[in-house]
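# Observations on the three-dimensional arrangement
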Amino acid sequence: MRLIDCRSDPLLLKEYFGSPTDRFAILSHTWDAQGEVTLQQFANLDSRTSAKGWDKIEKTCRKALECGYHYVWIDSCCIDKTNNAELTESINSMFQWYSDAGLCLIYLNDFDAGNHGTLGSSRWFTRGWTLQETIAPREAYFYDSAWRFFGTRETLCQELSSITGIDAGILSPAPGADIRDLLADTPVARRMSWAASRQTTKLEDTAYCLIGLFGVNMPMLYGEGAQAFARLQEEIIRDNNDLTLFAWTAKMDNQPNPGQHGITSTYRGILAQSPAEFAGLGNLVLDHDLQFNSDYSMSNKGLRLHTFLHPTQDSEDVVMPLHCHTQGTNGQKTPQLGLFLKHERASVYFRVRPHMLATLPEHALNSGGNDIFVSKRFKPRIAPAVANNPLGAVYFHIKGLEDSAEVQLVETGPRELWDAQNRVFVTSGLRSFTAFHRFQLVGNYTGIFTIACGFSEENTTPWVHMEDMLGRLYPAANAKDYQAIAQIGASKGNLKTRKQDLMMLVLTSNTMKARFGVAKLQCEQRTRDGEPILVVNLELKKNNAVLFHLFK
């Protein structure tokens, strides 16, 4: 780290290896469009005084001395921006440097305090890099264009909070409070909302300027464009299990690229495209401490997490809870927020209706649930498969199964295609499909029966087939021989409503007798959200009474 020695004449730089051993002040400002004094220009004693921005350096040093600081740090001339390694280290350390400084001098070159101008109109409040410079310092003094002092961050706290949306408790923390701890207790989406209306000259800096705000580190890769903000979110995911990171909303006027038929405004991945999508979340509040949230991580299939998915009344979309809500100025709590998701394939979902957040009932169940993946990015090629696939899903309506101790689902395959919570095999995008359920009766009646379903690329008409433990389907399913299951199902299965006998063993105190129950199987082909699906209804009967009162 380099600091300017304000007492030296001419002004000189002092270099430190590690943290500075001297107290120092630090400057926060907006760069002049015509340029600032660089490290290389500062080193040229003969010509630097004529460089654009030299006057700002001299006056910063003078104000630092007046405030009792012999050293000052200025970003334009204390970093060698031609050295990529140093630039990366400096950007990753910048929040800490502003926090370590004894005083931050904030210079607003377009604000005249003498003319009682509007403070919020200053360009300083619109820039990305100045966000952390507002929050990190222990103490901050504000100066106008004529270098006149007009207030501290504490005396201007309420006005600054109104302009920036930053909580007053962050801008004016209690004595002894650590700013890192205060930020960690603030929901991720709320912190993102502070940057929603700020701009940076380079697109990548939209992400890089927020590194300190979230306490993460990442390399600078100028030229990566919007990928920088995606990488920032992935770094936050590695360090935080706050689901509000996904509480962003897309703009309604988000137009699709030519040839994509409107799909980009309907479908999205789990990550936001920019901080602007977090606008309006400054009043977001967590429902509970983050230690009660499940952990999650980003994998090569998308965001992996354990969650309870709630059905919607108007579509086959489901809602994933975010365990947060917004709070009005009167303290009124709104319903819990969630995301609309849609099955893609296997256990993978993607986001739908990205321009809005869902709301959940007050007593919505959020325990239990499934392990799912939410795609990191939406791939446009998936949309035709979602819309035009011969069969998008196979739903099983077997009411009361979870509550029965007498009929148990003992095995399902393939498990990665089965959504146990919604009782559906997700088949979107598959050219062929074979699956099975194996049930076991326990208690006074015992036995095993298997239901298989599928379709093939050669014959896209789906089939459903059921047999008891005496049939060929049972050993094929037991061995997970999907080729044999498909051959049996394709030759014997169909979608006709039918009744068939299932053998059961009746256990008494002294004997075991074979009996037959009756199974009624009904298949319905439907269309939901423009996607063909198959609904399988199963009912077991004995002597014209529903067996075990299982299905209500």
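The structure displayed is predicted, hence computed values, not measured ones.

### Brief notes about the overall build of the protein
- If you tally the helices and strands in the protein, you get 14 helices and 29 strands.
- The burial tally for the protein puts 53% of its 552 residues in the buried class.
- Of the contacts formed within the protein by residues at least 6 apart in sequence, a portion of 62% connects residues at least 24 apart.
- Here the protein displays about 25800 Å² of accessible surface, and carbon together with sulfur accounts for 48% of that area.

### Focus: the sheet that holds strand E2 (residues 12–15)
- Across the sheet, seven strands lie side by side as E2-E1-E4-E3-E5-E6-E7; this open sheet has mixed pairing. The two strands at the open ends of the sheet, each matched to only one other strand, are E2 and strand E7 (149–152). Ignoring which end each strand starts from, the neighbouring axes of this sheet average 30 degrees apart.
- Of the strand pairs in this sheet, strand E3 (residues 25–28) and strand E4 (residues 71–73) are connected by two bridges, and their pairing is parallel. From the neighbouring strand, Ala25 faces E4, where its bridge partner is Val72.

### Description of the nonpolar core
- By size, the foremost hydrophobic cluster in this structure holds 106 residues, and its most contacted members are Ile4, Ile57, Trp73, Met192, Leu210 and Phe246.
- In this view, Ile57 contacts Ile4, Leu11, Val37, Phe42, Ile74 and Cys77; residues no more than four positions away in its chain are not counted.
- Of all hydrophobic cores here, the second largest spans 27 residues; its members include Leu417, Cys453, Leu495 and Leu521.

### Observations regarding the pairing of E7
- Pairing of strand E6 (residues 140–143) with E7, which is carried by three bridges, proceeds in the antiparallel orientation. By the bridge assignment, Tyr141 is partnered in E7 with Thr152.
- Hairpin connection of E6 to E7: five residues between the antiparallel strands, including Trp147 at a positive phi of 60 degrees.

### Considering the confidence of the model for the protein
- Summary statistics for the protein give a mean pLDDT of 86 and a share of 88% for residues scoring 70 or more.
- In the model, residues 254–264 has pLDDT below 50 throughout and makes twelve contacts with residues more than four positions away in sequence or in other chains.
- Of the regions scoring below 50 in pLDDT, residues 382–388 engages in 14 contacts with residues more than four places distant in sequence or in other chains.

Reading the values: rules and limits
Residues numbered from 1 in each chain as written. Predicted model: local features only at pLDDT ≥ 70, side-chain atom pairs only at ≥ 80, totals over all residues. Heavy atoms only, no water. Helix = DSSP H or I, 4+ residues; strand = E, 2+ residues; numbered from the N terminus. Buried < 20%, exposed > 50% of the residue type's maximum accessible area, 1.4 Å probe, protein only. Contact = heavy atoms within 4.5 Å. Areas by Shrake-Rupley, 256 points an atom, 1.4 Å probe, with all protein chains shown as cover. Pairing = 2+ DSSP bridges. Axes fitted to C-alpha atoms, helices over the stretch in contact; angles between N-to-C directions. Core = buried A, V, L, I, M, F, W, Y, C linked by side-chain atoms within 4.5 Å. pLDDT = per-residue confidence, 0-100.

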